[in-house]
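Overview (structure and organization)
In case you want the letters, here they are:
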Amino acid sequence: MESIQLDMIQTAGIGALALIVGMILTRKVAFLQKYCVPSPVSGGIIFSLLTLALYGWFNIEVSFDGTLKDVFMLAFFTSVGFQSDLKVLKQGGRLLIIMLLLLVVIISLQNLMPMGVTRLMGVDPLIGMAAGSISMTGGHGTAGGFASVLEGMGLHGAGTIGMAAATFGLIAGSMIGGPLAERIIRRKLTHEQMQPQDDEIDPAMAGIESDEASPTGRTKRVSTNEQEFQQYAKASYCILLVMGAGTLMSWLLAKTGITFPTYFGALILAAVIRNILGFVSYKDEGKWEKADKLLDMERIISVGNICLSLFLGMAMISLKLWELQSLALPLIVILASQVVMMDFFVYFIAFPLLGRSYDAAVLCAGMCGFGLGATPNAMANMSAVCYKYRYTVKPFLIVPIIGAMFADLLNTGIITLFLNIL
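Quick summary incoming for the structure in this document. (Residues numbered from 1 in each chain as written. Predicted model: local features only at pLDDT ≥ 70, side-chain atom pairs only at ≥ 80, totals over all residues. Heavy atoms only, no water.)

Counted by the stated rule, this structure contains 6 salt bridges. A salt bridge links arginine 186 to glutamate 182; its shortest N-O distance comes to 3.1 Å. Pair noted here: arginine 186 and glutamate 182 are both in helix α9 (residues 158–188), with a separation of 4 residues, about one helical turn. Exposure remark for arginine 186: the relative accessible area of 48% places this residue in the partly exposed category. A salt bridge links glutamate 182 to lysine 388, with the nearest nitrogen and oxygen atoms 3.2 Å apart. Of this pair, glutamate 182 sits in helix α9 while lysine 388 sits in helix α15 (residues 375–388); the two residues are 206 residues apart in sequence, bridging distant segments of the chain. Relative accessible area serves as the criterion here: at 5%, glutamate 182 is assigned to the buried category. Lysine 388 sits in the partly exposed class, given a relative accessible area of 22%. One network of salt bridges, in which partners are shared, links Glu182, Arg186 and Lys388. (Salt bridge = Lys/Arg side-chain N within 4 Å of Asp/Glu carboxyl O. Helix = DSSP H or I, 4+ residues; strand = E, 2+ residues; numbered from the N terminus. Buried < 20%, exposed > 50% of the residue type's maximum accessible area, 1.4 Å probe, protein only.)

Laid out in C-alpha cells, this is it:
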C-alpha cells in the first residue's frame, strides 16, 4: 500500500477546487437544484470517489491534513456565536425546547433500534451501539472517543466500525436533509409560505451562503470603496481575536472534566461579547446607540460562511469511503434503518410538533444534518433550503446551540445509560 500525504495548503486547495466543482455541478444539474444538495457536498463526493478509486484500483491511499479544516470550522462557529442574540433566542424559546426533546427521542431511538436489529439477526449488540447514536448524532469524534470503551467490552474493531458508520452518517445526513425539507415544503405548506427566491439568485451558492440574520445581506450590491474593504477587514479581525481568546475558554471548560467540542469556547465567548455589547450604549453624533452595532454582523456572517463552505469542501474530500467496504451485512442493515427511521421521524413527528411552519421545515433539514452527521451539515442543509425559498433566522440560531451545547452532553449521558444496561 502506497501513501500520498497532502499538507494543509494542498488540502485547502483541493477543498476549494471541490467547492468550485460543486458550484458548477449545481448550476448544470437540475436534480441538485431541485433537492437542495449543498455544493460542497456534491463537489466533495466527486473527489472522495476519486480517492476511493485510487485506493481500490491502484492500492494508493491519499491522506489529507486537517489543520486548516479545523481552523475554518472554528472561524465559522465563532461567527455563529456572534449571531447568538438573546433577544432573538427568547423569541424562539418554545422551538428550542421542542428541538431538545426531539433530540432526546432521536438519540434514544438511534440506540434502541440497532439493538433490536442485532437481536433479530443474532449478532453482537455492541455492533448496534457502535452504529447507534455514538456514530450518528456523535459523529467521528464521539465514535473515536467510545472506541476504547467498546473494545474493552469485547467488540473487536470498534474504532473501524464506528468511523465507517460515522462516515456513512455524514454522507446520508447531507443527502437526505434538503430533499426531505423540499418534500415537506411542497406537500405541507401553502403557496405563500413556499415562495422561492428571485430567479437571479445563483443556485450554486445553495449550501454556502447562510446570511439569515439580516435579509439585507442577500441584497445584490457592488462596492469597491475603501470603506467596504475596512468593514470586511474588521469582521475578519473580530473573528480571529475571539478565536484566539476562545482557546483559553476551551481550556477552562476542559478543566471541568466534561468533553466539549473544540469550537465551543470561541462560540460561547463570541455570544457573550455580542450580548454584553447589546446592553451597553454609546453616544454617536448626539444619538445613543447600542454598542453591538459596532459589530458589522453582515460581514461577520459572510466571512463565517466562506469558512463554512471551505470546511465542508475539505471535510468531504477527506472521507475515506473504502471504510464502508468493511461493513458486514448487519451493519449495513442497521445504517439503512437509521436513515429510514430519521426520515419517518422527521416527516411524521418532528414537523408537526415544531408547528407545521416554514421554520419547522428548515429545522427538519437541520435535524437530518446533525442527527446523522454533524452541525455543519445541518447548517449547509438549512442554508440550501433557505437559499431556494426565503429567509428565516430562528433555525440558524437554534441548531448551532443544540449542536454545540446540548447534543454531545445528552448523547454521552444516553449512551452511558445504554452501555450500562448491556
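What follows deals with the pairing of strand β2 (residues 60–64). Counted residue by residue, β2 has 4 buried out of 5 residues, so it is predominantly covered. As paired strands, strand β1 (residues 2–6) and β2 are joined by 5 bridges and run parallel to one another. Counterpart to leucine 6 in the pairing with β2 is phenylalanine 64. (Pairing = 2+ DSSP bridges.)

Let us look at a nonpolar patch on the surface. On the surface, a cluster of nonpolar side chains totalling about 490 Å² of accessible area is made up of Leu120, Met121, Leu329, Ile332 and Val333. Secondary-structure elements contributing two or more residues to the nonpolar patch are α6 (93–121) and α13 (329–353). Sorting elements by how many residues they give to the nonpolar patch places α13 first, with 3 residues. Position of valine 333 among the secondary structure elements: in helix α13. (Patch = residues over 30% accessible without salt bridge, like charges linked within 9 Å, V, L, I, M, F, W, Y side chains within 5 Å. Areas by Shrake-Rupley, 256 points an atom, 1.4 Å probe, with all protein chains shown as cover.)

Within the largest apolar cluster, 108 residues are counted, with the highest numbers of intra-cluster contacts made by Phe82, Met99, Leu150, Leu354 and Met367. Those residues in contact with phenylalanine 82 that sit more than four places away from it in its chain are Cys238, Ile239, Val242, Ala270, Ala271, Ile273, Arg274, Leu295, Met297 and Ile300. Grouped together as the second largest cluster of nonpolar side chains are 7 residues, Val41, Ile45, Leu319 and Leu321 included. (Core = buried A, V, L, I, M, F, W, Y, C linked by side-chain atoms within 4.5 Å. Contact = heavy atoms within 4.5 Å.)

In this section: the packing of aromatic side chains. Using the criterion set out here, one finds 4 aromatic pairs in the structure. Considering the side-chain rings of phenylalanine 76 and phenylalanine 77, the 5.0 Å spacing of their centres and the 65° angle between planes classify their relative orientation as edge-to-face. For phenylalanine 76, a relative accessible area of 2% corresponds to the buried category. A relative accessible area of 0% places phenylalanine 77 in the buried class. An aromatic cluster is built from Phe344, Tyr347 and Phe348, whose rings are joined through pairwise contacts. (Phe/Tyr/Trp six-rings, centres within 6.5 Å; stacked < 30°, edge-to-face > 60°.)

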